Amino acid sequence: MKHLLTFPKLSPRRLATIGILLALSYLVGRFSITIIPKQLVLSFTFILETIIGSITGPLLGFFTLGFFDIIDTLFSEKAGMFLIGWTFMEAIMGFFYGLFFYGRSFSWASKKDWLYVTIAVTTLSILGSFVMTPWLIQHYYHVPIMAQFVAGRWIKLFEIPIRILVTMAILPQLNRLPEYRKLLHPNH
């Protein structure tokens, strides 16, 4: 329980890294592919959110991704469309990214790591793409949840294996960087 309620040490290195990752997330988010307007968007920002969760933990991940959603909205074409529900959803997702990935090292060769990442990514995808997002779209835009799935939300299922592969391709490579390892394990 202590793990859930603690902030990692906010060193200049950690703060700068979080800032850089948020800036990269902003840029990567601009290259998202909209399949169904206001309903289905494909993006690779999840990997940056995963890395942020791995160095911030659940509580700081909650505040970081929630804060970032506000900044992202203010600096985008949707600045006049700020909806607190989306910010709260991003904050919750930040909590779960931190919960699953905080301080963890991964190896491409480890079956245990592949299973763990599969469970984590599947859980995050179900929570974000199949529970919270459809509910918010129904709440804000009055598009029934079943209509969203009939219209194509189910396509998000095909994202899960891609997310697993990308996560397992990138995180083990990051583990090779001494600076990243210091952020994962600041006491070592």
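Cut-off values and rules
Residues numbered from 1 in each chain as written. Predicted model: local features only at pLDDT ≥ 70, side-chain atom pairs only at ≥ 80, totals over all residues. Heavy atoms only, no water. Helix = DSSP H or I, 4+ residues; strand = E, 2+ residues; numbered from the N terminus. Rg over C-alpha atoms; globule rule 2.2 N^0.38 Å. Buried < 20%, exposed > 50% of the residue type's maximum accessible area, 1.4 Å probe, protein only. Contact = heavy atoms within 4.5 Å. Axes fitted to C-alpha atoms, helices over the stretch in contact; angles between N-to-C directions. Parallel < 35°, antiparallel > 145°, perpendicular 65-115°, else oblique. Left-handed = near helix turned anticlockwise from the far one by under 90°. Nonpolar A, V, L, I, M, F, W, Y, C, P; charged D, E, K, R; others polar. Phe/Tyr/Trp six-rings, centres within 6.5 Å; stacked < 30°, edge-to-face > 60°. Lys NZ or Arg CZ within 6 Å of the ring centre and 35° of its normal. Polar contact = N/O pair within 3.5 Å; in protein donor to acceptor, adjacent residues only side chain to side chain. Core = buried A, V, L, I, M, F, W, Y, C linked by side-chain atoms within 4.5 Å. pLDDT = per-residue confidence, 0-100. Expected span 1.5 Å × (residues − 1). Arc of directions from axis to C-beta.

Draft legend 1. Summary view of the overall build of the protein chain. Each helix and strand in the protein chain was counted, giving seven helices and two strands. Across the protein chain, helices and strands are ordered from the amino to the carboxyl terminus as α-β-β-α-α-α-α-α-α. Against the globule reference of 16 Å for 188 residues, the protein chain gives a C-alpha radius of gyration of 16 Å, in line with a compact fold. Projecting the C-alpha coordinates of the protein chain onto the three principal axes gives extents of approximately 50 × 35 × 35 Å. Classification of the 188 residues of the protein chain by burial places 44% in the buried group. Taking contacts inside the protein chain between residues at least 6 apart in sequence as the whole, the part at least 24 apart equals 74%.

Draft legend 2. Region of the structure containing the packing of helix α2 (residues 45-74) against helix α3 (residues 84-101). It is the contact of α2 with α3, at a shortest axis distance of 6 Å, that shows an interaxial angle of 155°. Regarding the angle of α2 to α3, the classification is roughly antiparallel. Considering how the two elements wind past one another, α2 and α3 form a crossing that is left-handed. Looking at the contact of α2 with α3 residue by residue, the classes come out as 15 nonpolar, nine polar and three charged.

Draft legend 3. View of the packing of aromatic side chains. In the structure shown here, the tally under the stated rule is 11 aromatic pairs. Their ring planes at 25° and their centres at 6.2 Å tell us that F7 and F63 sit as a pair that is stacked. Note that F7 is positioned in the segment before α1 (12-29) and F63 in helix α2, a separation of 56 residues in sequence. By relative accessible area, which is 39% here, F7 ends up partly exposed. Relative to Y116, the ring of F106 has its centre 6.1 Å away and its plane inclined at 35°; by these criteria the two rings are tilted. Within this pair, whereas F106 is found in the loop between α3 and α4 (111-141), its partner Y116 is found in helix α4, the two being separated by 10 residues in sequence. Judged by relative accessible area, F106 falls into the buried class, the value being 5%. Through successive ring pairs, a cluster of aromatic residues spans F7, F62, F63 and F88. Seen from the ring of Y26, R30 lies directly overhead, with NZ or CZ sitting 4.0 Å from the centre.

Draft legend 4. Seen up close, the side chain of S43. In this fold, S43 is placed in the loop between β2 (40-42) and α2. Residue classification places S43 among the buried residues on the basis of a relative accessible area of 18%. There is a polar contact of 3.2 Å between the side chain of S43 and the side chain of S32. Engagement of the side chain of S43 in a polar contact is seen with the backbone nitrogen of T45, the distance being 3.2 Å. In contact with S43, not counting residues within four places along its chain, are V28, G29 and S32.

Draft legend 5. Spatial organisation of the nonpolar core. Residues I51, I55, Y97, F101, V117, L171 and Y180 are the most contacted members of the largest nonpolar core, which totals 36 residues. Of the residues forming this core, the biggest block, nine residues, is contributed by α2. With residues up to four places along the chain from it excluded, the contact list for L171 reads T50, I51, F101, F106 and Y180.

Draft legend 6. Highlighting the confidence of the model for the protein chain. Put simply, the protein chain has an average pLDDT of 89, and 94% of its residues get 70 or more. For the protein chain, β2 is the element with the lowest average pLDDT, namely 72, and α3 is the one with the highest, namely 96.

Draft legend 7. Region of the structure containing helix α6 (residues 159-175). With 17 residues, α6 extends 24 Å between its outermost C-alpha atoms, agreeing within 8% with the 24 Å of an ideal straight helix rising 1.5 Å per residue. Within α6, the full set of buried residues consists of E159, I160, R163, I164, T167, M168, L171, P172, L174 and N175. Looking straight down α6, one finds its buried side chains confined to an arc of 160°; they lie on one side.

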